[in-house]
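Spelled out from the first residue to the last, the chains are:
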Amino acid sequence: MISSIIPTRPAIIIGICFFTFIINSFSQEPRGGENMPKGTQTPPNSRVLRDSLSMGPTPNDSLALHSDTTKVNAPGKSNDLGIEADVDYSAVDSINIIMEPTKKVFLYGNAEVRYEDITLTAACMELDMDSSICYAYGIKDSLGVETGLPVFTDKDGSYEMRTIRYNFKSEKAIIEHVVTEQGEGYVVSDFAKKSPDNVFSIRDGHYSTCDNHNHPHFYLHLTKAKVIPGKKTVTGPAYLVVEDVPFPIGIPFAIIPQTSTYSSGIIMPSYGEDSDLGLFLQDGGYYWAANDYFDMALTGEIYANGSWGISEATSYKLKYKYSGSISVDYLETIDGEKDLPDYSKTKDFSIVWSHRQDSKASAYSTFSASVNFSTSSYEENNVTSIADIESLATNTKRSTVSYSRSFPDSPFNFSANFIATQSSSDTTISLTAPNLTLTMSSIYPFKRKNKIGSKDAWYEKISLSYSGSLKNYVSVDEDEFAETKFPEEWENGMKHSIPVSMNLKLLDYFTLTPSISYTERWYSRYITQEYDYDEEEVVEKDTVSGFNRVYDYSFSTSMSTKLYTFYTPWKVFGDKIQAIRHVMTPSASLSYRPDFSDEKYGFYDWFEYYDADEDSVIKYTYSKYEGSIYGSPSSGESGSLGLSLSNTLEMKVKSDQDSSGYKKVSILESLSLSTSHNFLADSLKWSDISMSGRTKIMGTSINFSATFDPYAMDTTSSGSAKRINVSQFKKRGKLARLESASMSFGFSLGSDKIKKWLAERKGETYGESDESADQSGSQNQNMPDMSMGQGGQGGQSGNSQNASGGNQQESLLDEYGYNTLAIPWSLSLNYSFRLSQGDFDSDIMDYKKEISSDVNFSGNFSLAQKWKFSFSSGYSFDDNELSSTSISISRDLHCWSMSFSLVPFGSYQSYFFKIGVNSSMLQDLKQEKRNTSRD
């Protein structure tokens with residue numbers, strides 16, 4: 001029994017209800033039957049009405065009949081068959097009326113009849129008014145291809161058939177070779193009968209999701225079946241046929257539901273075999289279609305060795321409000337045999353929640369969730385995720401739940417966040433619950449409401465803002481998370497920040513920005529430290545609980561300007577480059593911060609201990625709030641000068657496409673240098689020099705950065721390295737020491753990009769013809785194939801598609817009429833280079849440099865229209881080996897698809913093969929084969 005197990009669409013309906021018409025006594029001389037079927041003759045006492053794409057002649061056309069006194073309506077309407085409503089009709093070629101010896105009406109050339117909500121079209125129609133029988137059929141062309149097949153359309157859909165005979169009085173019909181689309185599938189029957197109760201009986205029909213109706217790749221052969229439109233199809237013995245080969249195993253009966261609404265039902269499980277877990281049944285259960293707002297699927301899996309799992313998946317949606325989905329999985333995995341050393345039993349769970357709020361739901365508040373939380377071994381033990389190399393290789397998972405609220409006519413905004421981060425490499429969980437933030441955008445408290453004059457006074461430019469946050473944070477091992485006590489073992493605190501600044505313009509070229517920054521932290525405890533002589537290191541001594549107010553403040557002022565330099569190249573090199581512009585943005589800042597380690601603040605403490613290596617008593621000063629969630633005020637008084645310089649370089653060149661136009665090309669998008677000098681420090685007054693830059697070469701973005709130390713290195717009496725208060729230039733004759741550097745770039749290439757580049761080089765516009773061809777091709781692929789094949793089985797739809805297919809084939813030919821070899825492809829590559837400090841070398845008084853670099857690449861290509869190959873990999877130059885590599889091949893088999901993915905080496909070596917039907921209704925009609933990393 002086939003039941004509805006997934007939200008279903010309208011399924012198989014073969015119900016066909018026909019009607020016809022009668023015309024009146026107005027007629028004209030026949031054309032000679034040029035479009036009549038072969039062998040049809042016009043009786044001598046007949047009249048032919050020329051219709052020429054209209055609903056009949058004008059009312060002024062008055063033609064007398066023979067002595068026959070039968071009353072007929074005006075052309076275009078008829079009601080002589082005892083039916084309740086009028087019938088509208090039309091024909092492109094002609095209408096032929098025969099009054100003797102029997103009353104018959106013939107319509108030729110794209111005949112169309114409309115009755116209430118029913119429409120019938122065909123090349124030819126014949127109506128016997130005495131027997132109330134309508135007969136519709138197509139015609140053959142010179143090649144024997146039948147066109148203009150009857151198409152019947154009502155509120156339930158459209159149906160195409162070869163012929164139809166319909167009795168208006170008995171409401172019965174005999175249909176030859178009918179094709180109807182129901183949801184994702186098609187019902188095709190060589191013979192069908194319609195009963196008065198609107199039930200259709202078919203014989204030797206088939207059901208398939210393949211739109212190649214004349215020769216489907218697979219179908220369910222229905223020996224005898226009844227179709228109840230809009231409800232279900234009940235069939236007797238049926239069996240599966242693949243590529244005209246019937247399977248030896250059939251089913252005694254089947255019920256195929258036909259409904260346009262969601263329906264509940266049993267989810268049939270799939271079967272397979274795992275080398276460690278044994279045979280299994282997977283993803284079987286029950287689907288509950290609760291209502292239009294949410295549904296739920298409860299499924300499970302069981303394995304031969306005793307492992308099992310259960311899953312719950314829910315999706316919900318409220319229009320114009322929100323939508324989302326929730327998935328909860330639980331697994332118990334058993335490895336090995338009980339009472340043996342390698343026996344293990346693990347319990348894993350996973351929670352995936354996605355929630356999205358519609359933008360129309362609220363103008364002032366938003367709520368969103370993206371949760372992906374699981375145990376560290378879940379991905380490894382989940383059989384269904386073994387083929388997903390990306391999920392297995394991901395070491396960190398991040399989950400967030402966020403709520404934000406803005407207040408109209410107010411500068412305040414509020415947000416609340418729940419953040420969880422998991423690391424599978426060390427099985428730690430970092431949780432922030434909650435993280436509350438209240439911010440106030442900049443306000444100008446001294447700004448006058450009624451201003452006199454056009455300029456603001458200097459005090460009106462003073463701005464004030466506020467930011468406050470409250471956070472609870474813990475980072476523990478996964479196994480210890482449930483035992484963590486709140487709030488004793490959690491880091492928590494509250495922080496307030498109040499910056500005050502103003503913006504002044506000096507001499508029209510300089511911008512001066514003085515500012516004051518105040519930060520206050522509230523903690524519920526602090527930590528004291530001491531020296532452990534046994535371990536010979538500083539350790540924590542005690543935790544003191546209580547309310548603690550910790551604050552700091554600083555003063556600063558900065559000034560910046562912009563300098564422009566223009567350079568015009570020599571014309572001897574041509575006039576391609578018109579000008580080069582260099583923009584420099586220098587800035588300088590002065591800042592002051594008190595020494596918050598002073599005893600008067602009470603934020604720092606100290607103790608003394610004896611250092612045997614130094615043979616002296618060491619006074620060790622430490623912050624009581626070291627490691628707190630919002631940190632602690634800095635030690636040491638600071639009065640520093642900060643210097644920075646930003647650069648951009650671009651040029652103006654002539655456009656290749658427009659001889660009178662110009663375009664701007666960026667040579668150097670950014671190059672920044674920064675450092676600072678602390679006037680109040682005892683030594684080492686200069687900070688490191690930082691450099692960062694960004695440029696683009698041939699469309700490829702390149703990012704680089706470096707850090708330099710202006711001071712030299714030396715060794716202590718114990719042999720360890722330290723910075724000394726002597727410049728590297730004075731010690732080694734170099735401006736600074738290179739401490740670290742990095743560079744990264746990435747680019748992507750593809751057949752489309754190269755074609756576009758070549759077209760631009762020729763001054764052409766790429767994409768217009770190709771785009772239209774692609775659209776034509778996509779339309780052809782989506783159009784159902786309604787052709788009936790050779791031997792009088794063709795139709796209008798088939799003709800249309802053949803013509804479209806011909807156009808698509810022509811688009812694959814070159815200018816000489818030969819087939820083009822088009823292989824669409826794309827390739828992306830990302831390279832990263834890092835230089836860092838290694839061991840200290842006393843010979844050169846500097847750290848040795850360690851270089852690490854790697855490259856990651858991925859791509860895809862299609863050797864043919866239905867084949868697609870893709871790959872992703874990387875190479876580590878440090879380990880001299882390939883990183884995680886995956887290869888996949890897919891083949892579009894029209895109504896089927898085949899895919900193969902392979903991880904050839906590494907920790908997650910595996911393969912996965914699948915061939916199955918594309919339709920979701922027949923998703924269980926598949927074959928899978930996999931080999932996991934555990935095998």
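In case you missed it, the structure is sitting above this.
The rules behind the values
- Residues numbered from 1 in each chain as written.
- Predicted model: local features only at pLDDT ≥ 70, side-chain atom pairs only at ≥ 80, totals over all residues.
- Heavy atoms only, no water.
- Helix = DSSP H or I, 4+ residues; strand = E, 2+ residues; numbered from the N terminus.
- Buried < 20%, exposed > 50% of the residue type's maximum accessible area, 1.4 Å probe, protein only.
- Contact = heavy atoms within 4.5 Å.
- Phe/Tyr/Trp six-rings, centres within 6.5 Å; stacked < 30°, edge-to-face > 60°.
- Lys NZ or Arg CZ within 6 Å of the ring centre and 35° of its normal.
- Patch = residues over 30% accessible without salt bridge, like charges linked within 9 Å, V, L, I, M, F, W, Y side chains within 5 Å.
- Areas by Shrake-Rupley, 256 points an atom, 1.4 Å probe, with all protein chains shown as cover.
- Salt bridge = Lys/Arg side-chain N within 4 Å of Asp/Glu carboxyl O.
- Lys, Arg positive; Asp, Glu negative; His and termini not counted.
- Charge placed at Lys NZ, Arg CZ, Asp CG, Glu CD.
- Pairing = 2+ DSSP bridges.
- Core = buried A, V, L, I, M, F, W, Y, C linked by side-chain atoms within 4.5 Å.

J.: A description of the side chain of glutamine 728 should follow, citing residues and the corresponding values.
T.: Positionally, glutamine 728 belongs in helix α3 (residues 728-732). Judged by its relative accessible area of 6%, glutamine 728 is buried. Non-local contacts of glutamine 728, meaning those with residues more than four positions away in its chain, are made with Asp709, Pro710, Tyr711, Ala712, Gly733, Lys734, Leu735, Ala736 and Arg737.

J.: Go over the packing of aromatic side chains with me, naming the residues and quoting the values.
T.: Aromatic rings considered in pairs are described by the distance between their centres and by the relative angle of their planes. On inspection of all chains with the given rule, the structure shows 33 aromatic pairs. Where tryptophan 288 meets phenylalanine 294, the ring centres are 5.7 Å apart and the plane angle is 90 degrees; that geometry is what we call edge-to-face. For the ring pair tyrosine 601 and phenylalanine 603, a centre distance of 5.9 Å and an interplane angle of 25 degrees mean the geometry is stacked. Comparing tyrosine 601 with phenylalanine 603, the two get one shared label, buried. The cationic tip of arginine 203 hangs over the ring face of phenylalanine 191; the distance from NZ or CZ to the ring centre is 4.7 Å.

J.: I'd like a rundown of a positive patch on the surface, residues and numbers included.
T.: A cluster of basic side chains, namely Lys172, Lys193, Arg203 and Lys224, defines a positive patch on the protein surface. Tracing the sequence through the fold places lysine 193 in strand β13 (residues 185-194). Residue lysine 193 is classed as partly exposed on the basis of its relative accessible area, which comes to 42%.

J.: Run through the pairing of strand β35 (residues 537-560), naming residues and quoting values.
T.: As defined by bridge partners, strand β34 (residues 510-532) adjoins β35 across 21 bridges and the pair is classed as antiparallel. Its bridge partner lying in β35, arginine 525 is registered against serine 545. Of the pairings in the sheet, the one linking β35 to strand β37 (residues 577-593) comprises 6 bridges and is antiparallel in character. The residue of β37 that forms the bridge with phenylalanine 555 is tyrosine 592.

J.: Could you give an account of the nonpolar core, with specific residues and numbers?
T.: With 34 residues, the main nonpolar core has Ile95, Leu107, Met125, Met161, Ile164 and Leu222 as its most contacted residues. In terms of residues, this core owes the most to one element, strand β6 (residues 118-128), which gives 5 residues. Val401, Ile429, Val476 and Trp490 belong to the second largest nonpolar core, which has 11 residues in total.

J.: Tell me about the pattern of salt bridges, residues and numbers included.
T.: What the rule picks out here adds up to 17 salt bridges. Here glutamate 520 makes a salt bridge to arginine 549, at a shortest N to O gap of 3.1 Å. Within this pair, whereas glutamate 520 is found in strand β34, its partner arginine 549 is found in strand β35, the two being separated by 29 residues in sequence. Classification of glutamate 520 as buried rests on a relative accessible area of 10%. Residue lysine 849 pairs with aspartate 846 through a salt bridge whose shortest N-O separation is 3.6 Å.

J.: Could you give an account of unusual backbone geometry, naming the residues involved and the relevant values?
T.: Negative phi characterises most residues that are not glycine, and trans characterises most peptide bonds. Between alanine 433 and proline 434 the backbone carries a cis peptide bond, its omega angle lying at -10 degrees. Mapped onto the fold, proline 434 is located in strand β30 (residues 428-443). In this structure, glutamate 243 takes a positive phi of about 50 degrees despite not being glycine. Inspection of the secondary structure puts glutamate 243 in the loop between β17 (238-242) and β18 (245-251). Using a relative accessible area of 42% as the deciding quantity, one classes glutamate 243 as partly exposed.

J.: A description of the environment of valine 352 should follow, citing residues and the corresponding values.
T.: By the element assignment, valine 352 lies in strand β26 (residues 344-357). Under the relative-accessibility criterion, valine 352 is labelled partly exposed at 36%. C-alpha of valine 352 to C-alpha of asparagine 372: the two residues are 20 residues apart in sequence and 4.7 Å apart in space. Look past the residues within four positions of valine 352 in its chain and what remains in contact with it is Ser325, Ile326, Ser327, Val371 and Asn372.

So, to be careful, I would describe these as geometric facts and stop short of saying anything about function.
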